[in-house]
Each structure stands twice: as C-alpha cells, then as structure tokens.
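Fold and geometry: a report
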Amino acid sequence: MSEAQANRGPLAGLTVLDLSRVLAGPWATQMLGDLGADVIKVEQPGMGDDTRRWGPPFLPDGSNDSAYYLCTNRNKRSIAVNMADPEGAEVIRRLAEGADIVVENFRVGGLAKYGLDYESLRAIKPDLIYCSVTGFGQTGPLKDNGGYDFLIQGMSGLMSVTGAADGGPTKVGIPISDLVTGMYATISILAALNHRNATGEGQHIDVALLDSQVALLANQASNFLNGGMVPKRMGNQHPSIVPYQDFACSDGDVLVALGNDKQFRSFCTMLGRSDLAADEAYASTALRSRNRTPLLSELAGELAKWKSGDLIAEMRKLGLPGGRINEIPEVLSHPQIEERGMVHEIARSDGTAVKFLGFPGKFSAAPATYRFAPPRSGEDTADVLRAELGLSEQEIARLREAGVIAEEL
C-alpha cells in the first residue's frame, strides 16, 4: 500500500455501491467507508433513506435529516437515481461495473426486475462481491418476509433472556440485531475480498438478521445445546458467574464483575468477609452459581454499607473489575473515551457540524479516516455521474429534467 493510500485507510482504492437503507446495510458500508473505501450511496429521488425522517431530533440545517440517519451514513457520497426508470437502472449498472462491492437490502428477488440482482451484475462484472442483507436470508420458509430489528430480537430468543427475572421479555436498548448484522456483513465482505485477491473470483454473500442474531446467542445457546439448560431472564445477573451484577451502595448502584476465584477471594477480603472466601460452598465458579442466593444476600448486605465512589476506588487498587452505570452524556465525556478519541466532528457541505462516534479499531499504519459528513440526499449526483461515468453536463441536465436523477432533496 502506498503512503497516500495508507493516509486514506486500509481499504483505499476500493469502490462500494451502496443500495441499502435504514441500518444493517448502511452500518456495514459506513465501516467500509471509515476504512478508506469510496462509498456511493444510491437513494430514491423524492424519498431518500427511510432513516432521514426518523426523528426528532433533526439536524438544524434545513435538511430535516435525523440524528438517527447521521449515525450510519458518514464517508459516503449520495446520488439520487430512480432505479425503476430503465435509464436510472442503467446508470446504476454502469456504476456497478466500476465497483468492487455492491451492498443491498431489498426483499429476496426484488432487484431482478431492474436488472440489478447478483446474476445480472455478475454478467457484466464477474469478480464483483455482492452482499445481500435481508431479514431471513435468501432461502427458507420465511425468505419472503420483511425483517425488522424489534421483530428479530423477539424471534431470535434474545428477548427471552433479556429483562428482569420477574418481568416480561425486553428488547436491548440499541437496535442490536441490525448492528450485528451489519458487522457480520462487513466481516463477510472482507473475507470475500481476500478470496478474490487470491483467486480473482467474486461471489454472492447472503446475510440475514435472524441468522446473525441467533449466532450472537453465544454462551446462552451453548448452555442449551451442550448442557440442556434452557436460559431464562435473570436481570443483570450472569447465568454462570457470581457475583456479576449490580449492587446498591449507600449512595447509588455499582457494577461488580468478578470472573474468577482469585478475584472473588480478594473481593471478600476487601469487604472484611474472609469467611465467605473460605467457605467451601463458594470455592469455585460452579459452586457460587449453584449457591448464588445466600451468597448474594450476604454480599448485598455488606455493599450497602459502602459509598459507591469508595468501593470503586478500592476495587481499582486491587485490580478488581467494577464501575458505575453511566448515562450516555457521562460516558461520552468520560476521560477514557476522550483519550481514545471516540467522539469526532465533521462539517457538512453547508458548514453544519455533525458529531459522531468513530471507528473503534486503532491501526498503527493505516487508521480509519473521516472524509465526508453524512450527505444530503442526492447532493453528489452530478459529481459522481460526471467523474465515474463521464457524463456530460447536457446528459446530466437531461436526466435531471426527465426525473431520472435528483440532487439535494
């Protein structure tokens, strides 16, 4: 990689045609953009990405773009092209011919009528990597159904293990099914790129929200598959590790997450309860899990005597994992987050500032870069068609007048 490429990120030189909207697909393409790829986001004239209107709050620049949209569409150029128009579909096909990767999240078979499905684009670009993101995948009895994050959280079993033990099923506070699907899509695309580098062969990647969320069941699924244990809601407790939850101190709640026997013994000694550390009933992780009720009762009584700040400070001295439950404003202003450079700001084309959370991976040679703020719908249409397809000003004007393309909606 040249120095110029390294300064743009490890994926500099790759072009992504983004036909996706809402969250899972755009989350994947934003990551590719952060890592240096040139991402061309295709939107429908007069409509744009659904999430542009998912507010309040909205950006105060007159665009009516929501904060939701802003979180997942940086490092992209937006073009508004009517793919239902034959000329519009041809514009997109020509862009795909010059792209390395296409990402789409239409219903199964939905792009075939426009000649924008994998087989159609593969015919003109054999080494194309084409990633389809759907609710349930390209096969199976549910393949034609639409998938939404909340629906997937419930269907996947995630909500059955989330929430208070005596409460009802609860969704996670972020759209976790969409986000993890976007991450699996990105991982799959990077793997396909490596395969293409080795063989010259492109491929179709089929990523489903339900598959991705089921894969994320991790230890909970393994507990059932290998131990016959049916996981249940346990609030903030852990199915295997004790203590691993929140406790009430005299002035507020704290988190205690002790992952091994040594930490448990050290914690008990700190509390002045060496008797608990020496008790055979609590001598191992498995025993503490089996005898959690009496142990947690003892610990709750001891921790209620402490002030939260004193407890956390003492735990840190001993290298024991514990902390506060932060509100979003607290965590975003935390010195650790500031030191890690997680919060960034970039200006839109009209000068409006957009704040965002950056890519978490820190690269020693070719770091993530933030080149473009989330664009207005179609604001790059003319520039992209001029630069990528060589269209003249007269051709662009004709397409605009015909309603095939649009700008700055």
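The notes below deal with the structure included here.

What counts, and where the lines are drawn
- Residues numbered from 1 in each chain as written.
- Predicted model: local features only at pLDDT ≥ 70, side-chain atom pairs only at ≥ 80, totals over all residues.
- Heavy atoms only, no water.
- Helix = DSSP H or I, 4+ residues; strand = E, 2+ residues; numbered from the N terminus.
- Buried < 20%, exposed > 50% of the residue type's maximum accessible area, 1.4 Å probe, protein only.
- Contact = heavy atoms within 4.5 Å.
- Areas by Shrake-Rupley, 256 points an atom, 1.4 Å probe, with all protein chains shown as cover.
- Patch = residues over 30% accessible without salt bridge, like charges linked within 9 Å, V, L, I, M, F, W, Y side chains within 5 Å.
- Salt bridge = Lys/Arg side-chain N within 4 Å of Asp/Glu carboxyl O.
- Pairing = 2+ DSSP bridges.
- Core = buried A, V, L, I, M, F, W, Y, C linked by side-chain atoms within 4.5 Å.
- Polar contact = N/O pair within 3.5 Å; in protein donor to acceptor, adjacent residues only side chain to side chain.

Some remarks on the overall build of the chain
The helix and strand tally for the chain stands at 18 helices and 12 strands. Counting only C-alpha atoms and orienting by the principal axes, one finds that the chain spans roughly 85 × 50 × 40 Å. When the 409 residues of the chain are sorted by exposure, 45% land in the buried category. Pairs at least 24 residues apart make up 68% of the contacts formed inside the chain by residues separated by at least 6 positions. Carbon and sulfur atoms make up 54% of the accessible area of the chain, which totals about 19800 Å².

Re unusual backbone geometry
The omega torsion across Gly55 and Pro56 is 5°, close enough to zero to call that bond cis. Relative to the helices and strands, Pro56 resides in the loop between strand 2 (38–43) and helix 3 (67–70). Notably, Asn64 is not glycine yet its phi reads approximately 60°, a positive angle. Mapped onto the fold, Asn64 is located in the loop between strand 2 and helix 3. When its relative accessible area of 47% is taken as the criterion, Asn64 is described as partly exposed. Of note, Asn75 is a non-glycine position whose phi angle comes to about 55°, a positive value. Locating Asn75 in the fold gives a position in the loop between helix 3 and strand 3 (76–81). When its relative accessible area of 0% is taken as the criterion, Asn75 is described as buried.

Focus on helix 2 (residues 24–34)
Burial analysis of helix 2 places 10 of its 11 residues in the buried class, the great majority of the element. Looking only at helix 2, the buried set comprises Ala24, Gly25, Pro26, Ala28, Thr29, Gln30, Met31, Leu32, Gly33 and Asp34. Positive phi shows up at Gly36, right after helix 2, with a value of about 115°.

Re a nonpolar patch on the surface
On the surface, Leu142, Tyr148, Leu151 and Met155 cluster together into a nonpolar patch covering about 390 Å² of accessible area. Counting through the fold element by element, Met155 comes out in helix 6 (residues 149–155).

Here's the deal with the pairing of strand 4 (residues 101–104)
As a general feature of sheets, a regular strand has side chains that alternate between the two faces. Residue alternation in strand 4 divides its side chains into two sets, Ile101 and Val103 and Val102 and Glu104, and both sets are buried. One ladder, built from four bridges, connects strand 1 (residues 15–19) with strand 4; its direction is parallel. Counterpart to Leu19 in the pairing with strand 4 is Glu104.

Re the nonpolar core
Residues Leu17, Leu19, Ile92 and Val102 are the most contacted members of the largest nonpolar core, which totals 29 residues. Counting residues per element, the ones that place at least two in this core are strand 1, strand 2, strand 3, helix 4 (86–97), helix 5 (118–124), helix 17 (381–389) and helix 18 (393–401). When sequence neighbours within four positions are dropped, the list of residues in contact with Leu19 reads Val42, Ile92, Val102, Val103, Glu104, Asn105, Phe106 and Leu111. Core analysis: the second largest hydrophobic core is formed by 27 residues, Ala28, Val39, Val103 and Ile189 among them.

Structural notes on the side chain of Thr134
Looking at the secondary structure, you find Thr134 in strand 5 (residues 129–134). Here the side chain of Thr134 touches Gly137 through a polar contact of 2.9 Å, landing on its backbone nitrogen. Contact partners of Thr134, with chain neighbours within four places excluded, come to Phe106, Val108, Val207, Ala208 and Leu209.

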